[in-house]
Amino acid sequence: MYNYKGIKILLDLEKNTSIYEIYYLIAVGYYKLKNFLNCKTYIDKAAEFKADDWKLELLLAKFYKKTEKFKNALEILKNIKDFKNIPEVIYLISEIYQSREMKQKADEYMEVV
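Since the structure is predicted, the reported quantities are computational estimates derived from the model, not experimental observations.

1. What to know about the overall build of the protein chain
Consideration 1: Along its length, the protein chain carries 7 helices and 0 strands.
Consideration 2: Its helices and strands in sequence order give the protein chain the pattern α-α-α-α-α-α-α, from N to C terminus.
Consideration 3: A burial count over the protein chain gives 41% of its 113 residues as buried.
Consideration 4: Across the protein chain, the fraction of contacts at a sequence separation of at least 24, relative to all contacts at a separation of at least 6, is 40%.
Consideration 5: Carbon and sulfur atoms provide 51% of the accessible area of the protein chain, an area that totals close to 7,300 Å².

2. Observations concerning the pattern of salt bridges
Consideration 1: Counting across every chain of the model gives 2 salt bridges.
Consideration 2: Across the pair Lys40 and Asp44 runs a salt bridge, and its minimum N-O distance is 2.7 Å. Of this pair, Lys40 and Asp44 both sit in helix H3 (residues 36-49), separated by 4 residues, roughly a single helical turn.
Consideration 3: Here Lys65 and Glu95 are joined by a salt bridge, their closest N and O atoms 3.2 Å apart. One end of the pair, Lys65, is in helix H4 (residues 54-66); the other, Glu95, is in helix H6 (residues 87-99), and 30 residues separate them in sequence.

3. Some thoughts on the packing of aromatic side chains
Each pair of aromatic rings is reported with the distance of its centres and the angle of its planes.
Consideration 1: Counted by the stated rule, this structure contains 7 aromatic pairs.
Consideration 2: Between Tyr31 and Phe36, the ring centres sit 5.7 Å apart and the planes meet at 65 degrees, which makes this aromatic pair edge-to-face.
Consideration 3: On the basis of relative accessible area, Tyr31 is assigned to the buried category, the value being 17%.
Consideration 4: Here the aromatic cluster, defined as three or more aromatic residues joined through ring pairs, consists of Tyr4, Tyr23, Tyr30, Tyr42 and Phe49.

4. Here we look at unusual backbone geometry
Consideration 1: Despite not being glycine, Lys34 has its phi angle at roughly 65 degrees, a positive value.
Consideration 2: Tracing the chain through its elements places Lys34 in the loop between helix H2 (20-32) and H3.
Consideration 3: Unusually for a residue other than glycine, Asp82 sits at a positive phi of about 55 degrees.

Basis of the calculations
Residues numbered from 1 in each chain as written. Predicted model: local features only at pLDDT ≥ 70, side-chain atom pairs only at ≥ 80, totals over all residues. Heavy atoms only, no water. Helix = DSSP H or I, 4+ residues; strand = E, 2+ residues; numbered from the N terminus. Buried < 20%, exposed > 50% of the residue type's maximum accessible area, 1.4 Å probe, protein only. Contact = heavy atoms within 4.5 Å. Areas by Shrake-Rupley, 256 points an atom, 1.4 Å probe, with all protein chains shown as cover. Salt bridge = Lys/Arg side-chain N within 4 Å of Asp/Glu carboxyl O. Phe/Tyr/Trp six-rings, centres within 6.5 Å; stacked < 30°, edge-to-face > 60°.

And the structure:
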């Protein structure tokens, strides 16, 4: 379960080191707490160290979906290397199309999963 206590521990770790995993986990924690402004801040910090991680890109796409920037989310998801082989990515693409009432496109992606 994510809570602010866990984020505080990670923030304390941040003072001593600036590794990708800490920033990524802080971003995930803020996302789970629906604190999207801080989530985006830590996504950006993590990207400074490792911009090509599909998990970070997936989190960024989820952020864009939650902030209703669907076009940005889809662009990021479709640019993930080998995205058609990652069920979490395909599912989110389908979910975005479904929420935009594009059922046929959503179904096309769900068939892959």
